[in-house]
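The residues making up each chain are set out below.
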Amino acid sequence: MPSPSSHTELPDSSSLRHILAVAHSPLAEPGVARTLATELGLDWLGVVAPKQVRDYGLLLFMDEHGLALQQTGKGAPGPVRAEFVSGKMGYRREHGGGAGQLVARAVGMQKTRAPLQVLDATAGLGQDAFVLASLGCQMTLFERNPIIHALLADGLYRASLNEACAPIVARMTLHSGNSLDWMNQAGPEAVDVVYLDPMFPHRDKSALVKKEMQVFRQVVGDDDDASQLLEAALGCARYRVVVKRPRKAPAIAGPEPAARVEGKSSRYDIYPIRALPA
Ligand SMILES: C[S@@+](CC[C@H](N)C(=O)[O-])C[C@H]1O[C@@H](n2cnc3c(N)ncnc32)[C@H](O)[C@@H]1O
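Note that the coordinates shown come from a computational prediction; the quantities given were computed from them, not determined experimentally. (Residues numbered from 1 in each chain as written. Predicted model: local features only at pLDDT ≥ 70, side-chain atom pairs only at ≥ 80, totals over all residues. Heavy atoms only, no water.)

### Some words on the pattern of salt bridges
Close approach of charged atoms allows side chains with opposite charge to pair. Under the criterion given, the structure shown has 14 salt bridges. As a salt-bridge pair, Glu94 and Arg93 come within 3.6 Å of each other at their nearest N and O atoms. The exposure class assigned to Arg93 is partly exposed, which follows from its relative accessible area of 22%. One salt bridge connects Asp154 with Arg158, and the closest N-O pair in it is separated by 2.9 Å. Of this pair, Asp154 and Arg158 both sit in helix H6 (residues 146-160), 4 residues apart, which is roughly one turn of that helix. (Salt bridge = Lys/Arg side-chain N within 4 Å of Asp/Glu carboxyl O. Buried < 20%, exposed > 50% of the residue type's maximum accessible area, 1.4 Å probe, protein only. Helix = DSSP H or I, 4+ residues; strand = E, 2+ residues; numbered from the N terminus.)

### With respect to the side chain of Ser25
Tracing the chain through its elements places Ser25 in the loop between strand E1 (20-24) and helix H2 (30-40). Using a relative accessible area of 8% as the deciding quantity, one classes Ser25 as buried. Among all residues touching Ser25, those that are not within four sequence positions of it are Val47, Phe61, Met62, Asp63 and Glu64. (Contact = heavy atoms within 4.5 Å.)

### Focus on the UniProt feature "binding site: S-adenosyl-L-methionine" in the protein
Under the local residue numbering, the UniProt record ascribes the feature "binding site: S-adenosyl-L-methionine" to Glu143, Arg144 and Asp197. For the residues just named, distributed over 55 residues, the greatest C-alpha separation is only 13.1 Å, placing them together at one site. Checked against the element boundaries, Arg144 lands in the loop between strand E6 (138-143) and H6. The class of Arg144 is partly exposed, set by a relative accessible area of 39%. Once residues lying within four places of it in the same chain are set aside, the contact partners of Arg144 are Gly177, Asn178, Asp223 and Asp225. Relative to the helices and strands, Asp197 is located in the loop between strand E8 (191-196) and helix H9 (211-220). A residue is classified by how much of its surface remains accessible, and Asp197, at 28% relative accessible area, is partly exposed. Residues in contact with Asp197, not counting those within four places in the same chain, are Thr122, Asp128 and Lys244. (UniProt positions renumbered as here; feature names shortened; annotations may be inferred.)

### Describing helix H5 (residues 127-134)
In terms of burial, H5 is largely enclosed, as 6 of its 8 residues are buried. All of the buried residues along H5 are Asp128, Ala129, Phe130, Val131, Leu132 and Ala133. Gly136 sits one or two residues past H5 and shows a positive phi near 110°.

### Considering the site of the ligand
Close to the ligand lie 22 residues, the nearest being Asp128, Glu143, Asn178, Ser179 and Asp197. Asp128 is positioned such that a nitrogen or oxygen atom in its backbone is 2.9 Å from an oxygen atom of the ligand. A distance of 2.8 Å separates a nitrogen atom of the ligand from a polar side-chain atom of Asp197. For the shell around the ligand, the elements supplying multiple residues, two or more each, are H5, E6 and H9. (Near = heavy atom within 4 Å. Polar contact = N/O pair within 3.5 Å; in protein donor to acceptor, adjacent residues only side chain to side chain.)

### Section: the sheet that holds strand E2 (residues 43-47)
A sheet is described by the order of its strands in space; here 4 strands give the open sequence E2-E1-E3-E4, paired in mixed fashion. Two strands lie at the open edges of the sheet, namely E2 and strand E4 (66-71), each paired on one side alone. Each strand axis lies, on average, 25° off the axis of its neighbour in the sheet, ignoring direction. The pairing of E1 with strand E3 (residues 58-63) spans 5 bridges and is classified as parallel. If you follow Ala21 over to E3, its bridge partner there is Leu59. Of the strands in this sheet, E1, E2, E3 and E4 touch H2, which is tilted by about 170° from E2. (Pairing = 2+ DSSP bridges. Axes fitted to C-alpha atoms, helices over the stretch in contact; angles between N-to-C directions.)

### Digging into the packing of aromatic side chains
Taken as a whole, this structure holds 2 aromatic pairs when the rule is applied. Between Phe84 and Phe130 the ring centres are 4.7 Å apart and the planes differ by 25°, which places this aromatic pair in the stacked class. Of the two residues, Phe84 is situated in the loop between E4 and helix H3 (87-95) and Phe130 in helix H5; the sequence distance between them amounts to 46 residues. Here Phe142 and Trp182 contribute two aromatic rings whose centre-to-centre distance is 6.0 Å and whose plane-to-plane angle is 45°, an arrangement assigned as tilted. Taken together, the residues Phe142 in strand E6 and Trp182 in helix H8 (residues 179-186) connect sequence positions 40 residues apart. According to the relative accessible area criterion, Phe142 is buried, its value standing at 5%. (Phe/Tyr/Trp six-rings, centres within 6.5 Å; stacked < 30°, edge-to-face > 60°.)

Below, the structure is given as structure tokens:
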């Protein structure tokens, strides 16, 4: 398996190469960002003010708060980063609802006292995995998009330096690459639970999608192979597969989910394989 810190180069064919570059603020050390530019095969701009950049629409930008995906030009929305110490995730860590949280219920944490080994096969910015790790799950994360993987690796590294987050991050192992390959090779019962949250194809550019998340979507694209992921997940989970969907979206093509946990905007489809141990 690749080491958690290794980054994969963007494919030559990626249209992102023409719109995305790497840069840093005067307050950040250039070293990490420069290495990242080399590893990902992206242009390196050195010190810039994102508002003044014209030749690239997007930056992987290192500042004193860490690595972020930042749109350029005047009036650009705020940065997108994997943040676990402060902000929404920091608040949730301190005041969240424990094993009663929807994602924890969906994974089955209320039904068992055994610490679950969960494969998050679509890690993204790691928020769901962090919630599950904070409740005691041992998490293996896969992220195949090199840009998102770099953001997540940076967020986990920063969290590992924080006293409250370090024990949680110690339960999270991030890999770069396609989880489909891993699951297809892993064989039956390789993990207790597989958790999937593939991008749901939003064809409309409605204002309801937050501007920051539009950037995420621009970088990731649609995950059109979600039904292959579900099939592979069912072949390697011991107890269940959980799929997060927008609340009103259809289930992933394939077998019907046996149960659902519904929230205000999201829904968790549950595909049980066998009962969790008490
Ligand atoms: C909607 S995001 C996941 C968000 C995540 N649950 C969170 O809490 O931050 C989906 C992510 O899964 C990744 N992904 C989709 N299919 C994948 C696969 N087969 N292997 C690895 N990563 C995958 C995409 O690149 C994207 O970053």
